[in-house]
Amino acid sequence: MKRSVKNTSILRPWRFKLHRYWGIGLVLFGSTMLTLILFIYMRNLDYSHLYHQFRTDASIRTSMIRDVMNENYMDVTAVQRFYYSSVMIDRAEFREFINPLFQQTQRWNYGLAWSPWVKHSQRAEMEKEISGLNQEIHSFWEYGPNRVKIPLPIKEFYLPIYYIEPMETRSELLGFDEASDTLRLKSILAARDSNRITATERINLAGSGIEQTGFLMCAPIYINNSDISSVKARQENFRGILLGAFNFKNLVDLSIQATSSLELNTILYDRSAPKSRQFLYEWSPIRSMIMEKKDWMVNDSMLTYIMDFQFAERVYRIEITASRFYVDQQLSGNHYYILILGLVLSLVMAAYIHNVYRHRLEAEAMVEDKVSQLKNAELRFHHSFGFQP
């Protein structure tokens, strides 16, 4: 009877196929998991650096703004002490003392003025003096509708600007009654009664041209060597108010000049003001100014820095947020390279193992075919010569 051996190259053992695909799957799973772990680790490391750098940059910017404000405060305090150290200060002495402040620093971006407490009986004489300095001004005045100058009505007292620097650009403000504005008067009276330098809320600064918003620092001046131990005594011995005027835009822009290349949005608030009047000024990176806020804002609480601080009897807030441009500057993006490289290496390893298994199976199949051929040849030989295998 003729016997033959089946061609086992056609019926390959299933266990080899299973072993091959199981090995490839295991390699893909292990390498992919390792890649993801490295990706998450490097991403967290990258963002940790971003958050740390953001807090450092935001803290530095906040300190710069506060430093400029405090330096302005010290300047007002110096002028206040100058008044107390002198029996009487005329316009020339005032200018001689103030001018170096304008020449040595850019902090004084608007002006500094002296407004004496004037009773109605003294009004005519002082209006005459002011008219001699600026012939266009004939009386104390205030702003009417549409910021039109109008003469002041008769009142019990006035706080007209009597000295002002720089005189060359601010002489038009001589005679303006600081007491004609409710917000100004509120802070002036608070400074008078407390003997503390007091800042106003956000106000429209006096002056012609483009309307500018800012605030005043009000430093009270009393009669020399008088009793100021009580509120009543301070009211009775009050001579007038020293006013430092500051433009929010100039103040903030000057403060962050050294860090303006950082794409950090900066907002200044007055927390002591009514909610509708708390916003003071917002500085935005140039690239952000030409886009809608939603297109460059980053919704990440870790990239928002808030600092509240006290200044001149008010509480201010600085809020700094990172833009997506800042994030792009700080993130290295190496974690994405790790992800791509890891996935590519995983595929390469899988392909290599697949190729190794394929060659192994081909070699095994070839051996099986040769063995089958030899067995069939042996059977044919025995059959031809009548031998039994």
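Residues numbered from 1 in each chain as written. Predicted model: local features only at pLDDT ≥ 70, side-chain atom pairs only at ≥ 80, totals over all residues. Heavy atoms only, no water.

A. Seen up close, the pairing of strand β13 (residues 304-311). Pairing analysis gives eight bridges linking β13 to strand β14 (residues 314-322), with the strands arranged antiparallel. Counterpart to M307 in the pairing with β14 is I318. In textbook terms, the turn of a hairpin is the stretch between consecutive antiparallel strands, and for β13 and β14 this stretch comprises two residues, one of which, A312, has a positive phi near 50°. (Pairing = 2+ DSSP bridges. Helix = DSSP H or I, 4+ residues; strand = E, 2+ residues; numbered from the N terminus.)

B. Structural detail: the confidence of the model for the protein. Per-residue pLDDT for the protein has a mean of 83; in total, 87% of the residues score no lower than 70. Model confidence for the protein, summarised as mean pLDDT per element, is weakest for helix α9 (residues 293-296) at 59 and strongest for strand β7 (residues 198-199) at 97. Of the regions scoring below 50 in pLDDT, residues 1-11 engages in 15 contacts with residues more than four places distant in sequence or in other chains. (pLDDT = per-residue confidence, 0-100. Contact = heavy atoms within 4.5 Å.)

C. Local environment of the packing of aromatic side chains. By the definition in use, this model includes 23 aromatic pairs. With a centroid separation of 5.2 Å and 90° between ring planes, the pair formed by W141 and Y143 is classed as edge-to-face. Under the relative-accessibility criterion, W141 is labelled buried at 4%. Among the residues examined, Y143 registers a relative accessible area of 22% and is labelled partly exposed. Taking the centre distance of 6.0 Å and the plane angle of 25° together, the rings of F309 and Y316 count as stacked. (Phe/Tyr/Trp six-rings, centres within 6.5 Å; stacked < 30°, edge-to-face > 60°. Buried < 20%, exposed > 50% of the residue type's maximum accessible area, 1.4 Å probe, protein only.)

D. Summary view of helix α5 (residues 182-194). For α5, spanning 13 residues, the distance from its first C-alpha to its last is 18 Å, which sits close to the expected 18 Å at 1.5 Å a residue. Taken as a whole, α5 has its buried residues at R184, L185, S187, I188, A191 and R192. Looking straight down α5, one finds that the buried residues subtend no more than 170° of arc, so they occupy a single side. Every exposed residue of α5 that faces more than 90 degrees away from the buried side is listed here: T182 and K186. Of the surrounding secondary structure, the elements contacted by the buried residues of α5 are β5 (157-158), β7, β8 (203-204), β9 (213-222), α6 (231-236) and β10 (238-247). The distance from a side-chain oxygen at the start of α5 to the backbone nitrogen of L183 is 3.2 Å, and the residue carrying that oxygen is D181. (Expected span 1.5 Å × (residues − 1). Arc of directions from axis to C-beta. Polar contact = N/O pair within 3.5 Å; in protein donor to acceptor, adjacent residues only side chain to side chain.)

E. Spatial organisation of the pattern of salt bridges. For the structure shown, the criterion picks out eleven salt bridges. Between E178 and R184 there is a salt bridge whose closest N-O contact spans 2.9 Å. Judged by its relative accessible area of 5%, R184 falls in the buried class. Via salt bridges that share partners, R95, E165 and E168 belong to a single interconnected network. (Salt bridge = Lys/Arg side-chain N within 4 Å of Asp/Glu carboxyl O.)

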